[in-house]
Number of protein chains: 2
Amino acid sequence: MSVTAIMYDAKSMARWEPDARGRLEKAAMELFQQRGYVATTVEDIAARAGLTERTFFRYFADKREVLFSGSKELEKNIVDGIESAPKGASPLDAVAAAFEAAGAELEDRRELHFVRARYALVMKHAEIQERELIKLASLSAAATKALRKRGVSEPAARLAAEAGVAVFKIGFERWVTERKSKTFAQHIRAALHALKTMASA
Amino acid sequence: MSVTAIMYDAKSMARWEPDARGRLEKAAMELFQQRGYVATTVEDIAARAGLTERTFFRYFADKREVLFSGSKELEKNIVDGIESAPKGASPLDAVAAAFEAAGAELEDRRELHFVRARYALVMKHAEIQERELIKLASLSAAATKALRKRGVSEPAARLAAEAGVAVFKIGFERWVTERKSKTFAQHIRAALHALKTMASA
DNA sequence: CTCCTGATGTCAGATACTGACATGGAGGTA
DNA sequence: TACCTCCATGTCAGTATCTGACATCAGGAG
């Protein structure tokens, strides 16, 4: 009982339906929203995607990981953003700008729905939140590395990366929560400004 | 085969050996160091503590949690520290001072050994690190609440708490890693200073 | 003495995850 | 065509984590 009833003709008939990973991700999100995260088993997800449990675990290290396919790409965008920041930019500004740019992709309608649903899941289940936090830690480590390539020395790079992630977390949260009074970039800039004034006090 | 061979006389004979929780924590740390985290099962831990697997899960929500008994106390100390900070202190200074004071307790010899061993475990296993991160997030939330009680308004409180945790993370890491060139408090102050200068740049 | 409380044990089960091996179209090569 | 290798997926058995339900039984309260 495949959900994505795809039609084939004999010639293009592949051995398996394409995009197993994508199907698993889609099935997972749908079931998580319908039945909740705990109530849906990996077997449920695999079945809905027309696959077996074993195959799920070939694509994802564990049940939570199916919700984090975008994290690798985000990390890459952040690193690129830091590396391509203007020469004179301070470490903190470089990181914040990178987050601001990377986050802009989330603002179209189709993504927005997914982002909100995903955010609700993360907030609801500590299990998932843990994974989110370690992804952010990985992001912070990558940002640190990118800053060091720019010549920022060790304690400052680490601090700037951590501070940047904090700004991102708060900016993102407020953007998702509030009724689109401001754009994502504005929230990031507001949080960054608040941090700067606070640290100078 | 109880490890802590306690002697009883008939009069003080209690139905069970005391401090089941403590015995479980001790057994867990010992086994984690000997066999590694993954190689030791909850059943192993319980057996070494003279208890059953089921009892382990009555004291700890899951296998990782046995390593985090101190987190609740730490959180309390941080909150107390923030609440008892001098009236004029800036939010960030209040948080940093609270961490500095709370961390001082780790500096005696007996704790130090445990702290280092535990740190090695956290660094080695992503599974445990995830738990560590969510504890720090909880700490950050508690600190935010404490700051708001001091009249700090919402965006600043959150930011100060997050920044404070970042300072703590980095200060702690350097203190644990480096060969006691500086005291814990000095590491915290150094990280705090670095953050301030960085945010002002 | 009796009853109740509470820490622990026992047992069965669900679910997450892993290793080993089997299967069978696709696509290449002779 | 015949054959062969590749590799995504399936099958199966097993282990470890975690949970619910119920049993046990010393100690304390009355």
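In what follows, the accompanying structure is described. Bear in mind the structure is a predicted one, so any value in this text is a computation, not a measurement.

1. Brief notes about the overall build of chain A
Assigned secondary structure in chain A consists of 9 helices and 0 strands. Tracing chain A from N to C terminus, the helices and strands come up as α-α-α-α-α-α-α-α-α. Each of the three principal axes of chain A carries a C-alpha extent, and together these read 65 × 35 × 30 Å. Expressed as a percentage of its 201 residues, the buried residues of chain A come to 39%. When contacts within chain A are restricted to residue pairs at least 6 apart in sequence, those whose partners lie at least 24 apart make up 59%.

2. A closer look at the protein's contact with DNA strand D
Close to DNA strand D lie 18 residues; Ala20, Arg54 and Thr55 of chain A together with Asp62 and Lys63 of chain B are nearest. In terms of residue count, the dominant contributor to the surface near DNA strand D is helix α3 (residues 53–59) of chain A (3 residues). Within the surface near DNA strand D, the residues separate by chemical class into 8 nonpolar, 3 polar and 7 charged.

3. Points about the relation of the copies chain B and chain A
Of the two same-sequence chains, chain B is brought onto chain A (RMSD 0.0 Å, axial shift 0.0 Å) by a rotation of 180°. On this basis, the relationship between the two copies can be described by a two-fold rotation axis. Taking the C-alpha atom as reference, chain B places Glu130 of chain B closest to the rotation axis, 2.6 Å from it. Counting the interface residues of chain B, we find that 100% of their copies in chain A are interface residues as well, pointing to one common contact surface.

4. Notes on the interface of chain B and chain A
Many descriptions give the size of an interface as the accessible area lost when the pieces come together. Across the contact, 28 residues belong to chain B and 28 residues belong to chain A. Of all the elements in the fold, those that place two or more residues in the side of chain B that touches chain A are α5 (91–103), α7 (126–149), α8 (154–177) and α9 (184–200) of chain B. Broken down by element, the residue count for the side of chain B that touches chain A peaks at 10 residues, all from α8 of chain B. Residues that form the side of chain B that touches chain A fall into these classes: 19 nonpolar, 3 polar and 6 charged.

5. Here we look at helix α1 (residues 20–35) of chain A
All names here are of chain A. For α1, built from 16 residues, the straight-helix expectation of 22 Å at 1.5 Å per residue is met to within 8% by its first-to-last C-alpha distance of 22 Å. Here α1 has its buried residues at Arg23, Leu24, Glu25, Ala27, Ala28 and Phe32. Next to the buried residues of α1 lie α2 (42–48), α3 and α6 (109–124). Gly36, located one to two residues past α1, shows a positive phi value of around 95°.

6. Things to note about the nonpolar core
Counting 82 residues, the largest nonpolar core has Ala160, Val167 and Leu195 of chain A together with Ala160, Val167 and Leu195 of chain B as its most contacted members. When near neighbours in sequence (up to four residues on either side) are disregarded, Leu195 of chain A contacts Ala163 and Val167 of chain A together with Leu159, Ala163 and Ala199 of chain B. If you look at the next biggest cluster of nonpolar residues, it comprises 14 residues, including Phe56, Val66, Leu67 and Leu121 of chain B.

7. Some points on unusual backbone geometry
All names here are of chain A. Unlike most non-glycine residues, Asp19 shows phi in positive territory, near 60°. Positive phi, close to 20°, is recorded for Lys180, a residue that is not glycine. Here Lys180 lies in the loop between α8 (154–177) and α9 (184–200).

8. Observations concerning the environment of Arg118 of chain B
Assignment of secondary structure puts Arg118 of chain B in helix α6 (residues 109–124). Residues Arg118 of chain B and Arg158 of chain B, 40 residues apart in the sequence, show an inter-C-alpha distance of 28 Å.

9. Overview of the packing of helix α7 (residues 126–149) of chain A against α7 of chain B
Packed helices, taken two at a time, are described by their axes: the angle between them and the distance between them. Axis separation between α7 of chain A and α7 of chain B bottoms out at 8 Å; the angle between their running directions is 95°. Regarding the angle of α7 of chain A to α7 of chain B, the classification is roughly perpendicular. Within the contact between the two elements, α7 of chain A uses Ala126, Gln129, Glu130, Arg131, Leu133, Ile134 and Ala137 of chain A and α7 of chain B uses Ala126, Gln129, Glu130, Arg131, Leu133, Ile134 and Ala137 of chain B. Counted by class, the contact of α7 of chain A with α7 of chain B contains 8 nonpolar, 2 polar and 4 charged residues.

10. A closer look at the protein's contact with DNA strand C
Inspection of the region around DNA strand C gives 17 residues, with Thr41, Asp62 and Lys63 of chain A together with Ala20 and Arg54 of chain B positioned closest. Elements that contribute at least two residues to the surface near DNA strand C include exactly α2 and α3 of chain A together with α3 (53–59) of chain B. At 3 residues, α3 of chain B tops the list of elements feeding residues into the surface near DNA strand C. Taken together, the residues that form the surface near DNA strand C break down as 7 nonpolar, 3 polar and 7 charged.

11. Considerations on the packing of α8 of chain A against α9 of chain A
All names here are of chain A. The interhelical angle for the contact between α8 and α9, taken along N-to-C directions, is 130°, at an axis separation of 8 Å. As summarised for this structure, α8 and α9 are arranged oblique, according to the angle between their axes. Viewed along their axes, α8 and α9 form a crossing whose handedness is right-handed. Where α8 approaches α9, its residues Ala163, Val167, Phe168, Ile170, Gly171, Arg174 and Trp175 are matched on the opposing element by Phe184, His187, Ile188, Ala191, Leu192 and Leu195. Its residues assigned to classes, the contact of α8 with α9 shows 10 nonpolar, 2 polar and 1 charged.

What counts as what
- Residues numbered from 1 in each chain as written.
- Chains lettered and ligands numbered in written order.
- Predicted model: local features only at pLDDT ≥ 70, side-chain atom pairs only at ≥ 80, totals over all residues.
- Helix = DSSP H or I, 4+ residues; strand = E, 2+ residues; numbered from the N terminus.
- Buried ≥ 20, exposed ≤ 12 C-beta atoms within 10 Å, placed from the backbone.
- Contact = placed C-beta atoms within 7 Å.
- Near = placed C-beta within 6 Å.
- Nonpolar A, V, L, I, M, F, W, Y, C, P; charged D, E, K, R; others polar.
- Least-squares fit on C-alpha atoms with pLDDT ≥ 70 in both.
- Expected span 1.5 Å × (residues − 1).
- Core = buried A, V, L, I, M, F, W, Y, C linked by C-beta atoms within 7 Å.
- Axes fitted to C-alpha atoms, helices over the stretch in contact; angles between N-to-C directions.
- Parallel < 35°, antiparallel > 145°, perpendicular 65-115°, else oblique.
- Left-handed = near helix turned anticlockwise from the far one by under 90°.

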